[in-house]
Amino acid sequence: MKKQYLLAPGPTPVPPEVLLAMSRPIIHHRSPDFIPVIQDVRKDLKWLFQTEQEVITVAGSGTAGMEASISNFMSPGDKILAVNGGKFGERWAKIATAFGVTTIEIKVNWGESVNVSEIKAHLDKDPSIRGVYVQASETSTGVAHDVKSIAEITKTRENTILVVDAITALGVTNLPMDLWGIDILITGSQKALMLPPGLACIGVSEKAWKHQSQAKCSRFYLDLKREKDNLLKDTNAWTPAVTLWIGLATSLKMMREEGLENVFARHSKLARATREGVKGFGLEVFAKNAPSDAVTAVLAPEGFDGEALYKNLRKQYGITAAGGQDQLKGKVFRLSHMGYSDTFDIITAISGVEMALYRMGYKHPLGSGVAKAQAVLIED
Ligand SMILES: *Cc1c(COP(=O)(O)O)cnc(C)c1O
């Protein structure tokens with residue numbers, strides 16, 4: 001037997017309460033049985049997104065939310081400004097191209113966060129830019145971009161919406177949608193929402209709905225206006241992923257019971273413990289200045305293969321972390337601390353990394369990272 005530990009940045013572990021709720025017999029989505037589920041999800045998503053606006057939930061992975069954030073708010077020929085600082089940042093231009101939308105990319109070195117003044121300079125120079133697209137947490141590099149400062153730039157520009165891929169940030173860190181003036185806020189079920197993959201949730205501001213009314217890109221299934229009109233009547237446009245909605249209602253209830261501030265504080269502490277833990281074992285965090293509280297990318301020590309470490313963690317200890325993608329393949333490994341994650345997930349992660357690396361010949365004293373993580377984790 002080998003006990004399995006899922007410590008990857010999506011899918012993340014699903015709490016037993018949620019699994020139990022989802023194991024009940026299926027109910028009909030047009031019957032009165034489903035109405036309370038829709039009502040709870042509507043109410044609690046507004047709470048989580050910190051918005052008065054309707055949050056739209058569609059069946060699809062996070063990328064469906066990213067795609068909808070272009071197809072519903074842009075017209076062919078429109079221009080967007082996209083921050084590309086990793087594997088997910090590069091996706092904006094790929095989606096935009098598929099819809100005939102032109103992308104101006106701000107390329108950011110992997111491991112760094114975007115220089116916000118560059119965004120302002122682009123918008124000052126070219127006010128025809130219809131949207132700024134950015135990740136709140138770039139999962140491939142473990143870097144957080146400064147959404148608050150970017151929102152200060154876009155907030156007063158009626159022609160430009162701010163679209164934030166918060167798929168590994170919402171429910172991790174504070175992103176008050178209405179207060180900051182974020183126009184589109186996107187998350188996916190398999191990250192901090194503690195659910196299996198299969199749902200994307202998209203918050204849409206009043207300003208973004210104005211853009212939507214003029215946007216001419218092709219769309220059919222991912223038509224957010226149609227979904228919104230249905231939600232207002234406590235129903236869905238198409239057959240919703242009933243089981244996942246029931247799971248979502250349950251996980252949102254768990255988050256409400258914990259409280260938003262506590263959810264953020266927990267993630268912040270677990271992230272700090274992870275960073276201190278790997279540093280205590282002589283390793284280096286990949287993020288230069290703005291590490292994400294959802295996932296920590298760690299540089300493999302000189303002469304050691306991060307990919308081999310990832311494989312050894314799985315083979316020897318049943319720990320599924322994540323390796324590096326593209327240019328980071330073999331160079332980093334990534335540890336998630338988002339969603340259904342707590343003290344001993346961090347201890348497991350740091351301890352597993354120590355043991356696997358030690359066996360690979362990295363002779364740093366065992367327990368030195370765990371001790372540093374514990375020192376953070378025992379703080380009140
Ligand atoms: C996981 C993730 C996505 C969505 O990926 P899917 O595989 O489509 O769910 C998008 N952006 C970020 C930052 C992510 O971490």
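Residues numbered from 1 in each chain as written. Predicted model: local features only at pLDDT ≥ 70, side-chain atom pairs only at ≥ 80, totals over all residues. Heavy atoms only, no water.

A. Molecular detail of the site of the ligand. The local shell around the ligand holds 14 residues, among which Ser 61, Thr 63, Thr 139, Asp 165 and Lys 191 are the closest. Gly 62 places a main-chain nitrogen or oxygen 3.0 Å from an oxygen atom of the ligand. Measuring from an oxygen atom of the ligand, one finds a side-chain N or O atom of Lys 191 at 2.7 Å. If the ligand stood free it would expose 380 Å²; the protein chains cover 88% of that surface. When residues of the shell around the ligand are assigned to their parent elements, the largest contribution, three residues, is made by helix α3 (residues 62–71). (Near = heavy atom within 4 Å. Polar contact = N/O pair within 3.5 Å; in protein donor to acceptor, adjacent residues only side chain to side chain. Areas by Shrake-Rupley, 256 points an atom, 1.4 Å probe, with all protein chains shown as cover. Helix = DSSP H or I, 4+ residues; strand = E, 2+ residues; numbered from the N terminus.)

B. Fine view of the nonpolar core. Counting 84 residues, the largest nonpolar core has Ile 70 and Leu 175 as the members making the most contacts within it. Among the elements that line this core, the one with the most residues is helix α10 (residues 242–258), at eight residues. Taken domain by domain, the makeup of this core includes at least three residues from each of domain 1 (16–258) and domain 2 (260–377). In contact with Ile 70, other than residues within four places in its own chain, are Ile 80, Trp 92, Ile 95, Ala 96, Phe 99, Val 101 and Tyr 133. Among the nonpolar cores identified, the runner-up in size contains 29 residues, and Leu 7, Phe 333, Ile 346 and Ile 347 belong to it. (Core = buried A, V, L, I, M, F, W, Y, C linked by side-chain atoms within 4.5 Å. Buried < 20%, exposed > 50% of the residue type's maximum accessible area, 1.4 Å probe, protein only. Domains from an automatic or database assignment. Contact = heavy atoms within 4.5 Å.)

C. Up close: the environment of Ala 300. When you line up the elements, Ala 300 lands in the loop between β12 (295–299) and α12 (306–317). Overall, the relative accessible area of 16% leaves Ala 300 in the buried class. Placed 15 residues apart in sequence, Ala 300 and Val 285 show a C-alpha to C-alpha distance of 9.4 Å. Look past the residues within four positions of Ala 300 in its chain and what remains in contact with it is Asp 305, Gly 306, Gly 330, Lys 331, Val 332 and Phe 333.

D. Spatial organisation of the pairing of strand β4 (residues 102–107). In this structure, strand β3 (residues 79–84) lies alongside β4, joined through six bridges in parallel fashion. Opposite Val 83, over in β4, you have Ile 106 as the bridge partner. Regarding the hand of the β-α-β motif, the stretch spanning β3, helix α4 (residues 91–98) and β4 is right-handed. (Pairing = 2+ DSSP bridges. Right-handed = clockwise from strand over helix to strand, strands pointing away.)

E. Region of interest: unusual backbone geometry. In this structure, the amide linkage connecting Gly 10 to the following residue, Pro 11, adopts the cis form with an omega of -5 degrees. With respect to the secondary-structure elements, Pro 11 resides in the loop between β1 (5–6) and α1 (16–22). Positive phi is not limited to glycine here, since Met 194 has a value of about 65 degrees. For Met 194, the location among the structural elements is in the loop between β9 (184–188) and β10 (199–204). Judged by its relative accessible area of 5%, Met 194 falls in the buried class.

F. Structural view of the sheet that holds β3. Pairing within the open sheet is mixed, and its seven strands lie in the order β2-β10-β9-β8-β5-β3-β4. Either end of the sheet is taken by a strand with one partner, and the two such strands are β2 (55–59) and β4. On average, adjacent strands in this sheet sit at an angle of 20 degrees to one another, irrespective of strand direction. With three bridges joining them, β3 and strand β5 (residues 131–135) adopt parallel strand pairing. In the strand pairing of β5, Leu 81 is matched with Val 132. Sheet contacts for α10: β2 and β10; angle to β10, the most-contacted strand, approximately 60 degrees. (Axes fitted to C-alpha atoms, helices over the stretch in contact; angles between N-to-C directions.)

G. Up close: the packing of aromatic side chains. Across all of its chains, the model carries six aromatic pairs by this definition. An angle of 35 degrees between the planes, with centres 5.5 Å apart, marks the rings of Phe 220 and Trp 238 as tilted. Taken together, the positions of Phe 220 in the loop between α8 (206–214) and α9 (224–231) and Trp 238 in the loop between α9 and α10 put the pair 18 residues apart, joining distant regions of the chain. Residue Trp 238 is classed as partly exposed on the basis of its relative accessible area of 25%. An aromatic cluster is present here, built from Phe 281, Phe 304 and Tyr 362 joined pairwise through their rings. Over the face of the ring belonging to Trp 209 we find Lys 228, whose NZ or CZ atom lies 4.5 Å from the ring centre. Sitting over the ring of Tyr 358, Lys 363 keeps its end group 4.2 Å from the ring centre. (Phe/Tyr/Trp six-rings, centres within 6.5 Å; stacked < 30°, edge-to-face > 60°. Lys NZ or Arg CZ within 6 Å of the ring centre and 35° of its normal.)

H. Geometry of the UniProt feature "binding site: substrate" (unreviewed entry) in the protein chain. With numbering matched to this structure, UniProt assigns "binding site: substrate" (unreviewed entry) to Arg 334. By the secondary structure assignment, Arg 334 is in strand β15 (residues 332–336). Taking relative accessible area as the criterion, Arg 334 reaches 7% and is therefore assigned buried. The contact partners of Arg 334, leaving out residues within four places of it in the chain, are Leu 7, Pro 9, Thr 139, Ser 140, Val 295, Thr 296, Ala 297, Ala 321, Ala 322, Gly 323 and Gln 325. A distance of 2.9 Å separates a polar atom in the side chain of Arg 334 from the backbone oxygen of Thr 139. (UniProt positions renumbered as here; feature names shortened; annotations may be inferred.)

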